[in-house]
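The chain contents come next:
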Amino acid sequence: MSDFDLLQFVPFRLNRLASEVSSALSEEYRVRFGLEIPEWRVLATLGFRRKPSSAQYISRSTRTHKSTISRAVLEMEKRELIRRVDQVDDRRANSICLTEKGRALYEELVPRLQRREDEILACLTGEERRILSALLGKIEANLGLPATMEADD
């Protein structure tokens, strides 16, 4: 055990890095738009998918506890960023989708977050970014995480 270096332990590093990047990005949507991280995850998922999704799907795909997503959905409904729609195959269940206001917010935020991502990754060359993406993809695949929206459905 004496040779264990927590700062070199990959799970610890990934968690710390994810937390720091998430915090850095949240400044873009929290300060200016009043969105918390779970609300951004709902907005991002619905905006990216461009079709209604269940809160359960959003919870599963973002790895966020369902009660956290449920609270975010309620808050976003109050702000008229999302609305509930009946599912075609089961009228007892419903999904959520972005309203026009939600779509406009998503489209305003994405370029800002992409610029922030570029700032965070500015220390890497284009080739290093490609390699990082490929390596992350390999780890995700090894853990059974879907690589495409279709695979996630």
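Provided above is the structure to which this section pertains.
Enquirer: For this particular structure, what's the right way to read the packing of aromatic side chains?
Expert: How two aromatic rings sit relative to each other is set out by the distance from centre to centre and by the angle between their planes. Taken as a whole and judged by the stated rule, the model has 2 aromatic pairs. When the ring of Tyr-29 is compared with that of Trp-40, the centres are 5.4 Å apart and the planes differ by 20°; the resulting orientation is stacked. Pair noted here: Tyr-29 is in helix 1 (residues 10-33) and Trp-40 is in helix 2 (residues 37-49), with a separation of 11 residues, a long-range link. Classification of Trp-40 as buried rests on a relative accessible area of 16%. In this structure, Arg-49 packs its charged tip against the face of Tyr-57, placed 4.0 Å from the ring centre.

Enquirer: What should I look at first to understand the environment of Ser-95 in this one?
Expert: Along the chain, Ser-95 falls in strand 2 (residues 94-98). Aside from chain neighbours lying at most four places away, what touches Ser-95 is Pro-52, Ser-53, Ser-54, Arg-83, Arg-84, Val-85 and Gln-87.

Enquirer: Quick question: what am I supposed to make of the packing of helix 2 against helix 5 (residues 100-120) here?
Expert: Angle between the axes and distance between the axes: these two values describe a pair of packed helices. For the pair helix 2 and helix 5, the least separation of the axes is 10 Å and the interaxial angle reads 100°. When the axes of helix 2 and helix 5 are compared, the pair comes out roughly perpendicular. Between helix 2 and helix 5, the residues in contact are Trp-40, Leu-43, Ala-44, Leu-46, Gly-47 and Phe-48 and Gly-102, Arg-103, Leu-105, Tyr-106, Leu-109, Val-110 and Leu-113, respectively. The class makeup of the residues in the contact of helix 2 with helix 5 is 10 nonpolar, 2 polar and 1 charged.

Definitions and limits used
- Residues numbered from 1 in each chain as written.
- Predicted model: local features only at pLDDT ≥ 70, side-chain atom pairs only at ≥ 80, totals over all residues.
- Heavy atoms only, no water.
- Phe/Tyr/Trp six-rings, centres within 6.5 Å; stacked < 30°, edge-to-face > 60°.
- Helix = DSSP H or I, 4+ residues; strand = E, 2+ residues; numbered from the N terminus.
- Buried < 20%, exposed > 50% of the residue type's maximum accessible area, 1.4 Å probe, protein only.
- Lys NZ or Arg CZ within 6 Å of the ring centre and 35° of its normal.
- Contact = heavy atoms within 4.5 Å.
- Axes fitted to C-alpha atoms, helices over the stretch in contact; angles between N-to-C directions.
- Parallel < 35°, antiparallel > 145°, perpendicular 65-115°, else oblique.
- Nonpolar A, V, L, I, M, F, W, Y, C, P; charged D, E, K, R; others polar.

Read these as layout, nothing more, since geometry by itself doesn't imply function.
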